[in-house]
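One-letter residues, chain by chain:
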Amino acid sequence: MRLIFATHNPNKVREIQAIVPSYIKIQSLAELDYNTPIIESGYNLEENALMKAKTVYDQFKRACFSEDTGLEIAALHGAPGVHSARYAGENATDKENVQKVLAQLGDEPNRKARFRTILALVMSPEEIYMFEGLCIGNILMGPQGVHGFGYDPIFQPNGYEKTFGEMTSSEKQAISHRTHAFEKMNSFLVRYRSPR
Ligand code: IMP
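The sections below set out a description of the structure shown in this document. (Residues numbered from 1 in each chain as written. Predicted model: local features only at pLDDT ≥ 70, side-chain atom pairs only at ≥ 80, totals over all residues. Heavy atoms only, no water.)

Considering the overall build of the chain
- Secondary structure summary: the chain contains 5 helices and 6 strands in total.
- Along the chain, from the amino end to the carboxyl end, the secondary structure elements read β-α-β-α-β-α-β-β-β-α-α.
- Relative to a compact globule of 196 residues, whose C-alpha radius of gyration would be 16 Å, the chain shows 17 Å and is just as compact.
- By principal-axis analysis of the C-alpha atoms, the chain measures approximately 50 × 35 × 25 Å.
- The proportion of buried residues among the 196 residues of the chain is 46%.
- Expressed as a percentage of contacts within the chain between residues at least 6 apart in sequence, the contacts between residues at least 24 apart total 56%.
- Carbon and sulfur atoms make up 52% of the accessible area of the chain, which amounts to about 10,200 Å² in all.
- In the chain, 22 side chains carry a positive charge and 23 a negative one; their mean positions are 5 Å apart. (Helix = DSSP H or I, 4+ residues; strand = E, 2+ residues; numbered from the N terminus. Rg over C-alpha atoms; globule rule 2.2 N^0.38 Å. Buried < 20%, exposed > 50% of the residue type's maximum accessible area, 1.4 Å probe, protein only. Contact = heavy atoms within 4.5 Å. Areas by Shrake-Rupley, 256 points an atom, 1.4 Å probe, with all protein chains shown as cover. Lys, Arg positive; Asp, Glu negative; His and termini not counted. Charge placed at Lys NZ, Arg CZ, Asp CG, Glu CD.)

Have a look at this one:
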């Protein structure tokens, strides 16, 4: 089964190809020579994911999915959420985004947070499915570790002594929000391929 992954990010394509079972062949937008930027102007992760998947489906008329992820912090009422990539400004670096989160939290004792991934799968205009993956944890007082990206150095998943930034990529992958969302999509696709 071929599925287009509606992203321009080659790192995500690689990460996802490693998670999905071998019967699914992921095609990237780069392979399809599709370079048009995809607008992400939704008010939440669901809207953004849907917008991306529908845009690419309309272009190729072939099954496609997209993914949108955000860090949601309880004491910040769910921020940075859908604004995670640009929290400290349009061209903000990961470091600047992390610093803004830490500054906003200050010494707030409630450090509860979660990563949330939404996958939108468009099989046809009438068949649109969404899958959610969560990883729950806490925001530390300062960055720890140099692995990963984004908010990894300040996020410690529940039940672990290390931050995502201190984990190897396979340690993180075993418990990550993205993996959980992809597992749900995988089991859906297995049933979709061979309906009872
Ligand atoms: P995207 O929708 O997956 O591109 O994610 C938006 C932003 O959320 C990224 O720019 C990162 O700052 C943050 N983010 C997404 N996934 C992760 C993750 O697994 N670890 C840390 N930060 C992440």
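Following the structure, the description resumes.
Here's the deal with the packing of aromatic side chains
- What the rule picks out here adds up to 9 aromatic pairs.
- Each ring, one from Tyr129 and one from Phe188, has its centre 4.4 Å from the other, and the planes form 45 degrees; the classification is tilted. A residue pair is termed long-range when its members are at least 10 positions apart, and Tyr129 in strand β5 (residues 127-139) and Phe188 in helix α5 (residues 177-193) qualify at 59 residues.
- Where Phe131 meets Phe188, the ring centres are 5.5 Å apart and the plane angle is 55 degrees; that geometry is what we call tilted. Residue Phe131 is found in strand β5, and its partner Phe188 is found in helix α5; the two are separated by 57 residues along the sequence.
- Phe131 gets classed as buried once you look at its relative accessible area, which sits at 9%.
- Over the face of the ring belonging to Tyr87 we find Lys100, whose NZ or CZ atom lies 4.4 Å from the ring centre. (Phe/Tyr/Trp six-rings, centres within 6.5 Å; stacked < 30°, edge-to-face > 60°. Lys NZ or Arg CZ within 6 Å of the ring centre and 35° of its normal.)

What about the packing of helix α1 (residues 10-19) against α5?
- Here α1 crosses α5 at 55 degrees, and the two axes come no closer than 10 Å. One element, α1, and the other, α5, form an angle in the oblique class. Crossing handedness for the pair α1 and α5: right-handed. When α1 is examined against α5, the residues Glu15, Ile16 and Ile19 are found in contact with a partner set consisting of Arg178, Thr179, Phe182 and Asn186.
- When its residues are assigned to classes, the contact of α1 with α5 shows 3 nonpolar, 2 polar and 2 charged. (Axes fitted to C-alpha atoms, helices over the stretch in contact; angles between N-to-C directions. Parallel < 35°, antiparallel > 145°, perpendicular 65-115°, else oblique. Left-handed = near helix turned anticlockwise from the far one by under 90°. Nonpolar A, V, L, I, M, F, W, Y, C, P; charged D, E, K, R; others polar.)

So, the site of the ligand
- Neighbouring the ligand are 14 residues; Lys12, Asp152, Lys172, His177 and Arg178 lie closest to it.
- In this structure, Lys172 approaches the ligand through a side-chain N or O atom, which is 2.7 Å from an oxygen atom.
- Within the contact set of the ligand, an oxygen atom lies 2.9 Å away from a side-chain nitrogen or oxygen of His177.
- In isolation the ligand exposes 470 Å². Once the protein is present, 88% of that is buried.
- Mapped onto the shell around the ligand, the elements with two or more residues apiece are β3 (64-73) and α5.
- In terms of residue count, β3 provides more of the shell around the ligand than any other element does, 3 residues in total. (Near = heavy atom within 4 Å. Polar contact = N/O pair within 3.5 Å; in protein donor to acceptor, adjacent residues only side chain to side chain.)

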